[in-house]
Amino acid sequence: MNIGQVVAKQLRQPYGLLGRFFGLLMNRVNHNLNDFMKRNMDILDTDYILEVGFGDGTLIKDMASEINNGKIIGIDFSEVMVAQAKKVNRQYISEGIVDIQQSSIENIPYAANYFNKICSANTIYFWPQPESNAKELYRVLKAGGKLILGFRTKEQLQNTSFSEHGFQLYSEDSVVSLLSRAGFEDVEIVKEPSKKYDSYCAIATKI
């Protein structure tokens, strides 16, 4: 297994001692994207929010500071990330504001129409069945709820050493098409320029 394959595998599902390092690394690399995504969420005190693929849980902690009468649920299929996120969010978990679970986007363990906001950053490349997985997000979102999906474009990632190993890369148009086919409406892409990687968010609504 070459370095590109190792990096790709860890980015998809961090594991082992190296996975802990990648959790910290992803937090740093994703900082601008997570911040942009959070600003587009317009968080309210009463929100019920789902984050899919939360890394080390830093964004969940940031969002939880704005929640008193709602809840934030995080799901990730990496055992290492679940452990780290529970440590990072220990206080909010004890207060009943945050719940961290090991689970997959393929089968979100919540009833239909449970959340009014869903977010996820840099996970779309790894969805095993993209249209089915997008429909699962649609299922658990309430009518009138909002999905905010942070991502890097195909143009940004296609020349990296790791993206050829298990990554499904997307253009802006292909993200819009995917979410529209899953049932979302009013899908738009917003962009925040940066010196290194511009941040992109797809914002979609369940009518």
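1. Notes on the sheet that holds strand β1 (residues 48–52)
Now for step 1: Overall, mixed pairing links the seven strands, which are arranged β3-β2-β1-β4-β5-β7-β6 in an open sheet. Of all the strands in the sheet, the pair left with one neighbour each is β3 (98–102) and β6 (185–192). In this sheet, neighbouring strand axes are inclined to one another by 15° on average, regardless of whether the strands run parallel or antiparallel.
Now for step 2: Where β6 meets strand β7 (residues 199–205), six bridges bridge the pair, whose relative direction is antiparallel. Residue pairing for β7: V190 is matched across the bridge by C201.
Now for step 3: Against the sheet, helix α5 (residues 79–88) makes contact with β2 (71–76) and β3, and its axis sits at roughly 165° relative to β3, the strand it touches most.
Now for step 4: Here helix α9 (residues 172–181) sits on the sheet and contacts β5 (141–151), β6 and β7; the angle it forms with β6, its principal contact strand, is near 150°.

2. Focus: the pattern of salt bridges
When their charged atoms lie close together, side chains carrying opposite charge are able to pair.
Now for step 1: All told, the structure shown has nine salt bridges when counted by the stated rule.
Now for step 2: Measuring nitrogen to oxygen at the nearest pair gives 3.5 Å for the salt bridge that ties K146 to D42. Of the two residues, K146 sits in strand β5 while D42 sits in the loop between α3 (31–39) and β1, which places them 104 residues apart along the sequence.
Now for step 3: Judged by its relative accessible area of 17%, K146 falls in the buried class.
Now for step 4: Its relative accessible area of 49% is what places D42 among the partly exposed residues.
Now for step 5: With a shortest N-O distance of 2.9 Å, E136 and R139 are connected by a salt bridge. Separated by three residues within a single helix, E136 and R139 lie in helix α7 (residues 130–140), roughly one turn from each other.
Now for step 6: Looking at E136, the relative accessible area reads 11%, which means it is buried.
Now for step 7: For R139, a relative accessible area of 27% gives the class partly exposed.
Now for step 8: Look at the salt bridges and you will find they share partners, linking D35, R39 and E192 into a network.

3. A closer look at α9
Now for step 1: Of all the positions in α9, only V175, L178 and L179 are classed as buried. Mapping the buried residues of α9 onto a view down its axis gives an arc of 90°, with all of them on the same face.
Now for step 2: Along its buried surface, α9 packs onto α7, β5, β6 and β7.

4. Observations concerning the nonpolar core
Now for step 1: The biggest cluster of nonpolar side chains holds 33 residues, and the ones touching the most others in it are L50, I124, L137, L179 and F184.
Now for step 2: For this core, the secondary structure elements donating two or more residues are β1, β2, β4 (115–121), α7, β5, α9 and β7.
Now for step 3: For this core, the element with the most residues is β5, which contributes four residues.
Now for step 4: Membership of the second largest hydrophobic core comes to 27 residues, among which are L33, F54, A64 and A85.

5. Examining the packing of aromatic side chains
Think of a pair of aromatic rings as described by two things: how far the centres are apart, and how the planes are tilted against each other in angle.
Now for step 1: Inspection of every chain in the model, using the stated rule, returns seven aromatic pairs.
Now for step 2: On the numbers, 4.9 Å between centres and 40° between planes, the contact of Y110 with Y114 is tilted.
Now for step 3: For the pair Y110 and F115, a centre-to-centre distance of 5.3 Å together with 65° between the ring planes defines the contact as edge-to-face.
Now for step 4: Judged by its relative accessible area of 14%, Y110 is buried.
Now for step 5: Chaining the aromatic ring pairs together yields one cluster made of Y48, Y110, Y114 and F115.
Now for step 6: Over the face of the ring belonging to Y138 we find K206, whose NZ or CZ atom lies 4.7 Å from the ring centre.

6. Digging into the confidence of the model for the protein chain
Now for step 1: Overall, the prediction assigns the protein chain a mean pLDDT of 88, with 83% of residues at 70 or greater.
Now for step 2: Every residue in residues 6–15 scores below 50 in pLDDT, and together they form 30 contacts with partners more than four places removed in sequence or on other chains.

Conventions we followed
- Residues numbered from 1 in each chain as written.
- Predicted model: local features only at pLDDT ≥ 70, side-chain atom pairs only at ≥ 80, totals over all residues.
- Heavy atoms only, no water.
- Pairing = 2+ DSSP bridges.
- Helix = DSSP H or I, 4+ residues; strand = E, 2+ residues; numbered from the N terminus.
- Axes fitted to C-alpha atoms, helices over the stretch in contact; angles between N-to-C directions.
- Contact = heavy atoms within 4.5 Å.
- Salt bridge = Lys/Arg side-chain N within 4 Å of Asp/Glu carboxyl O.
- Buried < 20%, exposed > 50% of the residue type's maximum accessible area, 1.4 Å probe, protein only.
- Arc of directions from axis to C-beta.
- Core = buried A, V, L, I, M, F, W, Y, C linked by side-chain atoms within 4.5 Å.
- Phe/Tyr/Trp six-rings, centres within 6.5 Å; stacked < 30°, edge-to-face > 60°.
- Lys NZ or Arg CZ within 6 Å of the ring centre and 35° of its normal.
- pLDDT = per-residue confidence, 0-100.

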